[in-house]
Amino acid sequence: MTYEDVNEVKANFDNVYTAPTPHSYLKLMTHHGYEISDQARPYCAEGAKLMREINGDSAPLQMLDVGCSYGIGAAGVKFGRTFAEMTRFVKDDLPQGYDDASNTMREWLNGSRTASTIHCVGMDSSAPAIKFAIDAGLLDGGIPRDLEDADCTLTEEDLQLVRTSNYMISTGAIGYVTETTLNKLLPELGTQINGKVGRWCVVTILRMFDTEPVRESFERHGFKFGQIPGVFLRQRRFADDEERNGVLEMLHERGFDTTGYEDDGHHYANLYIATPPDQYHLLEKRLSEM
Ligand SMILES: C[S@@+](CC[C@H](N)C(=O)[O-])C[C@H]1O[C@@H](n2cnc3c(N)ncnc32)[C@H](O)[C@@H]1O
């Protein structure tokens, strides 16, 4: 079954991904109890922390967030802001007008006590989301591309951003983003940064998606790919009974036990990492111990 077939079963939120400001995206996601970015945030932050501990000053840390939306990964990992905090702030305090919204968001982020010096790059098919994230100071660089489109390739500027990114995360986006996108990013990822370790990836994948095409893509490009055992991350509530029934049926057909997970009315994802093979144990050990 292809990702396209599986996506047929999932509710479609495409229209809110492309608004100029994050108001409607965050409102809708809150309505559906979206929480994967907060569930994954500690793992994404810990991967970044470990990489810095090992590399010290020998290499800068640049994070590429694939399917970043309005800079959600950067808000969590760089600025220490949870998705829930960001949602509350946007609902209560973010003006509707574009300039006021991006300036107000920037001021709020600058007030973050836990902001770190990570450089953040975001890649998303939504050009408006990337634009807002850059203007608000969430992202230092953006790649507004739909690399699922066979005709879409990375520009020289994009390539430079990917080659200088030695850490990649993706939360809630695999499925929209498939091996087609990965096959364009992975050969370039982090190739221009030296350091003791690098080219580390932390991704969440919904249990309903087959992970084999993703594994094959990582392995084809020289990475070791695997699951962090025992980590189950809630993504969001099912949008309605139709989605719930479709997902449960699909998981049962594939032999999954949904007791304690999807049976409670939510999508669940697992946590995966990919690194150069000789570095895999470092990240696996740290994330498994959390
Ligand atoms: C559910 S949101 C996840 C956003 C964010 N990572 C988070 O966890 O909150 C899915 C994101 O994938 C993006 N997306 C959809 N199709 C895509 C594609 N072909 N390439 C890149 N991003 C895509 C959407 O624009 C949206 O921002």
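Above: the structure in question.
Residues numbered from 1 in each chain as written. Predicted model: local features only at pLDDT ≥ 70, side-chain atom pairs only at ≥ 80, totals over all residues. Heavy atoms only, no water.

**Observations regarding the pattern of salt bridges**
Now for step 1: Going through the model one piece at a time under the given rule, you end up with 16 salt bridges.
Now for step 2: Across the pair Lys 78 and Asp 140 runs a salt bridge whose closest N-O atoms are separated by 3.6 Å. One end of the pair, Lys 78, is in the loop between helix H4 (72–77) and helix H5 (83–93); the other, Asp 140, is in the loop between helix H7 (127–135) and strand S3 (141–144), and 62 residues separate them in sequence.
Now for step 3: The salt bridge partner of Arg 215 is Glu 212, with a shortest N-O separation of 3.2 Å. Taken together, the residues span about one helical turn, with Arg 215 and Glu 212 both in helix H10 (residues 212–220) at a distance of three residues.
Now for step 4: Linked by salt bridges that have partners in common, Glu 46, Lys 49, Glu 53 and Arg 286 make up one network. (Salt bridge = Lys/Arg side-chain N within 4 Å of Asp/Glu carboxyl O. Helix = DSSP H or I, 4+ residues; strand = E, 2+ residues; numbered from the N terminus.)

**Here's the deal with the layout of surface pockets**
Now for step 1: In this structure, the largest pocket encloses a volume near 700 Å³.
Now for step 2: Lining the largest pocket are 34 residues, with Asp 14, Tyr 17, Ser 125, Ala 173 and Tyr 176 sitting closest to its centre.
Now for step 3: When residues of the lining of the largest pocket are traced back to their parent elements, those giving at least two are helix H2 (23–31), strand S2 (119–124) and strand S6 (224–237).
Now for step 4: Residue composition of the lining of the largest pocket, by class: 14 nonpolar, twelve polar and eight charged. (1 Å grid on protein atoms, 1.4 Å probe; cavity = no way out; pocket = protein on both sides within 12 Å on 5 of 7 lines; lining within 4 Å. Points joined across faces, edges and corners; volume = space filled by probe spheres on them. Nonpolar A, V, L, I, M, F, W, Y, C, P; charged D, E, K, R; others polar.)

**Comments concerning empty space enclosed by the protein**
Now for step 1: For the coordinates displayed, the defined rule picks out one cavity of 30 Å³ or more.
Now for step 2: One number sums up the size of the largest cavity: a volume of about 100 Å³.
Now for step 3: For the largest cavity, the lining is made up of 14 residues, of which Ser 37, Arg 41, Ile 72, Gly 73 and Gly 76 are closest to its centre.
Now for step 4: Contributing elements (two or more residues each) for the lining of the largest cavity: helix H3 (36–55) and H4.
Now for step 5: Broken down by element, the residue count for the lining of the largest cavity peaks at five residues, all from H3.
Now for step 6: Across the lining of the largest cavity, the residue classes break down as six nonpolar, five polar and three charged.

**Remarks on the site of the ligand**
Now for step 1: Near the ligand, the surroundings consist of 17 residues, among which Tyr 34, Gly 67, Asp 124, Asp 146 and Thr 171 are the closest.
Now for step 2: Between Tyr 34 and the ligand, the recorded distance is 3.0 Å, taken from a side-chain N or O atom to an oxygen atom.
Now for step 3: Protein chains bury 95% of the 600 Å² of accessible surface belonging to the ligand in isolation.
Now for step 4: Comparing atom positions with the cavity grids shows the ligand to sit within the largest pocket.
Now for step 5: Along the lines of polarity and charge, the residues of the shell around the ligand split into seven nonpolar, seven polar and three charged. (Near = heavy atom within 4 Å. Polar contact = N/O pair within 3.5 Å; in protein donor to acceptor, adjacent residues only side chain to side chain. Areas by Shrake-Rupley, 256 points an atom, 1.4 Å probe, with all protein chains shown as cover. Sits in = over half its atoms within 2 Å of the grid points.)

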